[in-house]
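Chains, contacts and geometry: an overview
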Amino acid sequence: YAATEQDLRAFFQGHGMVTDVHLVVDRETGVSKGYGYVTFALPESATQARQALDNAIFQGRLVHILPASRHGWKPKAEEAAAAHKTFKQAREEERKSNAGQKDSWNALYMRPETVAAWMADHYEVDKAEVLDPSAKDLGVRLALGEAQIVAET
């Protein structure tokens, strides 16, 4: 959290020409929030830097590099189509479009309802028993179920 934009530029500079560096800081305190944005002149440089530096150590901390996206930006045709969808339809469509991406934060993450359905089928019980609201260990159950699915696949 003590890194400067110059430190970040120097860290990434070996993988291509860096055109812009922005560290995100808290507006009230001025303290770094622990993440930032680096823009390269060429997209290939950004890809190379991501492959080489993801999970590297920078100033004693692990660096995780994700591609940025234009948050909230949509072409006009998509905006018109999205206006007629419910929130649930739009969310499901987004999940489907992101399903094949290999660079997601956690490629092994599964939705809780998927894990519960698998557990109910695997242990031959009703899904309601797996998701019993009175159980104090529901989160642990789902986490263990997810770990078992990952181990078996």
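So, a few notes on the structure that sits alongside this text. (Residues numbered from 1 in each chain as written. Predicted model: local features only at pLDDT ≥ 70, side-chain atom pairs only at ≥ 80, totals over all residues. Heavy atoms only, no water.)

1. Concerning the nonpolar core
Ranked by size, the top nonpolar core spans 14 residues in total, and within it Leu 8, Phe 11, Phe 12, Leu 53 and Phe 58 carry the most contacts. The set of elements that each furnish at least two residues to this core consists of helix 1 (5-13), strand 1 (18-25) and helix 2 (43-53). Contacts of Phe 12, omitting those with residues within four sequence positions, involve Val 18, Val 38, Phe 40, Ala 49, Leu 53 and Ile 65. In this structure, Met 110, Ala 116, Met 119 and Leu 142 belong to the second largest nonpolar core, which totals eight residues. (Core = buried A, V, L, I, M, F, W, Y, C linked by side-chain atoms within 4.5 Å. Buried < 20%, exposed > 50% of the residue type's maximum accessible area, 1.4 Å probe, protein only. Helix = DSSP H or I, 4+ residues; strand = E, 2+ residues; numbered from the N terminus. Contact = heavy atoms within 4.5 Å.)

2. Quick notes on the side chain of Ser 32
By secondary structure assignment, the location of Ser 32 is in strand 2 (residues 32-40). Take Ser 32: its relative accessible area is 15%, and that puts it in the buried class.

3. Remarks on the packing of aromatic side chains
The final tally for this structure, using the stated rule, is four aromatic pairs. When the centroid spacing of 5.3 Å and the interplanar angle of 90 degrees are considered together, the rings of Phe 11 and Phe 12 count as edge-to-face. Relative to Tyr 37, the ring of Tyr 35 has its centre 6.4 Å away and its plane inclined at 80 degrees; by these criteria the two rings are edge-to-face. Through a chain of ring-to-ring contacts, the aromatic side chains of Phe 11, Phe 12, Phe 40 and Phe 58 assemble into a single cluster. (Phe/Tyr/Trp six-rings, centres within 6.5 Å; stacked < 30°, edge-to-face > 60°.)

4. Concerning the pairing of strand 2
Here strand 1 runs beside strand 2; their pairing, made up of six bridges, is antiparallel. Looking at strand 2, one finds that Val 25 is bridged to Ser 32. Where strand 1 folds back on strand 2, the antiparallel hairpin that results is connected by six residues, among which Gly 30 adopts a positive phi of roughly 80 degrees. (Pairing = 2+ DSSP bridges.)

5. A few points about the side chain of Ser 45
Tracing the sequence through the fold places Ser 45 in helix 2. If we ignore the near neighbours within four places in the chain, the residues touching Ser 45 are His 15, Gly 16 and Phe 40.

6. A look at the pattern of salt bridges
Tallied over the entire structure, the rule returns three salt bridges. In this structure, Glu 92 engages Arg 111 in a salt bridge whose closest nitrogen and oxygen atoms are separated by 3.5 Å. Of this pair, Glu 92 sits in helix 4 (residues 87-98) while Arg 111 sits in the loop between helix 4 and helix 5 (112-123), placing them 19 residues apart in sequence. Each member of the salt-bridge network shares a partner with another, and the members are Glu 92, Arg 111 and Glu 113. (Salt bridge = Lys/Arg side-chain N within 4 Å of Asp/Glu carboxyl O.)

7. A short note on helix 2
Listing the buried residues of helix 2 in full gives Ser 45, Ala 49 and Leu 53. Burial along helix 2 is one-sided: seen end-on, the buried residues are contained in an arc of 40 degrees. Exposed side chains of helix 2 directed beyond 90 degrees from the buried face belong to Pro 43, Glu 44 and Gln 51. Tucked inside the fold, the buried residues of helix 2 contact helix 1 and strand 2. Phi turns positive one or two residues past the end of helix 2, at Asn 55, with a value near 70 degrees. (Arc of directions from axis to C-beta.)

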